[in-house]
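Secondary and tertiary structure notes
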Amino acid sequence: MKILLTGGAGYIGSHTAIELKKAGHEIVIGDNFSNSKPDVLEKINQIVGQKIEFHEIDFTNQNDTLKLFEECHFDAVIHFAGLKAVGESCTMPIEYYKNNIDSTLNIVEAMKKYDVNNLVFSSSATVYGIPKKLPLKEGMPTSCTNPYGWTKLMNEQILTDVTRANPKFSVVLLRYFNPIGAHESGLIGEDPNGIPNNLMPYITKVAKGVLPELNVFGNDYPTKDGTGVRDYIHVVDLAKGHVDAIEYAEKHRGVEIFNLGTGVGYSVLDIVNTFSRVNNIKVPYRIAERRDGDVAECYADAGKAREVLNWSATKTLDDMCKDSWNFAKNN
Ligand code: WQD
């Protein structure tokens, strides 16, 4: 299939581009570099061994979006493009709602106009809100604690309604847990602009000496060692899940939701200790106050993706920590 990757120069998008090429698909990347860098495109081309078609585009621009779909005859879309920092969304809700909702509305409008009927949407475990029961299953109640999460849940609702109104349409909603790690080449990985919000890119900056120490946000949670527990998944496993999801979308109509996680929860100190052990490098840290909005534990029941998509994560926490460092130390 010829597949548009919106936000395809980003962390998940770039890794998915590589897996889609390996699976024989033709890909086109559209990105405005709001949270990525142009040199990622060269790295993707280097890894896949050919020049990927790229368009610099902001999908909140309706005319530009329609023009792109008129020019290129896509068979499918994987929609990654969006603002994604939880904390930032609380201080800039208008930008988050405009950007994340307008872009989705423009994309589905263009898909309808040019008869493109297969879509995979990058959603997030954050739509489950504060877990009442673990592990989290797709049918469990959803609610959000921040504007970023609400934009993900609202987009899920928009795509569900569009599919109900258009029987030719097929949507797969992928709820990511905590992606970390990097491509084995070390050429691409998680490289956020500024001070990282997320744990692993913060750890790698401490390991490089760019930041003095890691602040562990609380060690008084009701977990095995008091620190927050999350379901970390290797970004390459996550990328492979997108290949299975878009191929599933092509063969089925309607909406399907899948958790993409490992089903295993690790604590902050598990990550710090594993990272230090596998990379033989110290990560100084201090116990700090809890971070607003954090939950104690969050991990997936990944059974539905295993049964329906025949997908499951295979890489270990050692792999994730090794690959994260292999990318960070080279960049
Ligand atoms: C993980 C754990 C922190 C940083 C968020 C979004 C989610 C997705 C992934 C976009 C928690 C602790 C972190 C630090 C720390 N984003 N931590 N010190 O919050 O689980 O998920 O990012 O799709 O939607 O909600 O990820 O990496 O920020 O935190 O102690 O400097 O690490 O308290 O327990 P989170 P995270």
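Quick look at the structure, then. Predicted model, so just to flag it, every value in this text is computed and none were measured.

Moving on, we get to the overall build of the protein chain. Across its full length, the protein chain carries 11 helices and 14 strands. Against the globule reference of 20 Å for 331 residues, the protein chain gives a C-alpha radius of gyration of 19 Å, in line with a compact fold. Across its three principal axes, the protein chain shows a C-alpha extent of roughly 55 × 45 × 40 Å. Across the protein chain, the fraction of contacts at a sequence separation of at least 24, relative to all contacts at a separation of at least 6, is 79%. Of the charged side chains in the protein chain, 35 are positive and 42 negative, and the gap between their average positions amounts to 3 Å.

Take helix α9 (residues 268-279) next. The first and last C-alpha atoms of α9 sit 17 Å apart over 12 residues, in line with the 16 Å expected at 1.5 Å per residue. The buried fraction of α9 is high, at 10 of 12 residues. Buried-residue contacts for α9 involve α7 (199-207), β8 (214-217), β10 (232-234), β12 (266-267), β13 (285-288) and α11 (317-330). Following α9 by one or two positions, Asn280 has its phi on the positive side, about 50°.

Below, the discussion takes up the pattern of salt bridges. For the structure on display, the rule yields 16 salt bridges. Residues Asp294 and Arg291 are paired through a salt bridge, measuring 3.0 Å at the closest nitrogen-oxygen approach. A relative accessible area of 36% means that Arg291 is categorised as partly exposed. Counted as one network, the salt bridges with shared partners bring together Arg230, Arg291 and Asp294.

The next subject is the environment of Lys98. Its place among the elements puts Lys98 in helix α5 (residues 93-113). You can call Lys98 exposed: its relative accessible area is 51%. Separated by 203 residues in sequence, Lys98 and Asp301 place their C-alpha atoms 32 Å apart. The contacts of Lys98, once residues within four sequence positions are left out, are Thr60 and Ser103.

It is worth spelling out the packing of aromatic side chains at this point. Scanning all chains against the criterion turns up four aromatic pairs. Plain terms: the ring middles of Phe275 and Trp325 are 5.9 Å apart, the flat faces sit at 75° to each other, and that makes the pair edge-to-face. With a gap of 50 residues between them, Phe275 in helix α9 and Trp325 in helix α11 connect regions that are remote in the sequence. Each member of the pair Phe275 and Trp325 is classed as buried.

As a further point, take the site of the ligand. Close to the ligand lie 20 residues; Tyr148, Leu199, Asn215, Arg230 and Asp294 are nearest. One of the side-chain nitrogen or oxygen atoms of Asp294 is found 2.6 Å away from an oxygen atom of the ligand. Protein contact buries 89% of the 690 Å² of open area that the ligand shows by itself. Looking at the shell around the ligand, the elements that each hand over two or more residues are α7 and β8. Of all the elements, β8 adds the most residues to the shell around the ligand, at four residues. Looking at the shell around the ligand residue by residue, the class counts come to nine nonpolar, seven polar and four charged.

Cut-offs applied
Residues numbered from 1 in each chain as written. Predicted model: local features only at pLDDT ≥ 70, side-chain atom pairs only at ≥ 80, totals over all residues. Heavy atoms only, no water. Helix = DSSP H or I, 4+ residues; strand = E, 2+ residues; numbered from the N terminus. Rg over C-alpha atoms; globule rule 2.2 N^0.38 Å. Contact = heavy atoms within 4.5 Å. Lys, Arg positive; Asp, Glu negative; His and termini not counted. Charge placed at Lys NZ, Arg CZ, Asp CG, Glu CD. Expected span 1.5 Å × (residues − 1). Buried < 20%, exposed > 50% of the residue type's maximum accessible area, 1.4 Å probe, protein only. Salt bridge = Lys/Arg side-chain N within 4 Å of Asp/Glu carboxyl O. Phe/Tyr/Trp six-rings, centres within 6.5 Å; stacked < 30°, edge-to-face > 60°. Near = heavy atom within 4 Å. Polar contact = N/O pair within 3.5 Å; in protein donor to acceptor, adjacent residues only side chain to side chain. Areas by Shrake-Rupley, 256 points an atom, 1.4 Å probe, with all protein chains shown as cover. Nonpolar A, V, L, I, M, F, W, Y, C, P; charged D, E, K, R; others polar.

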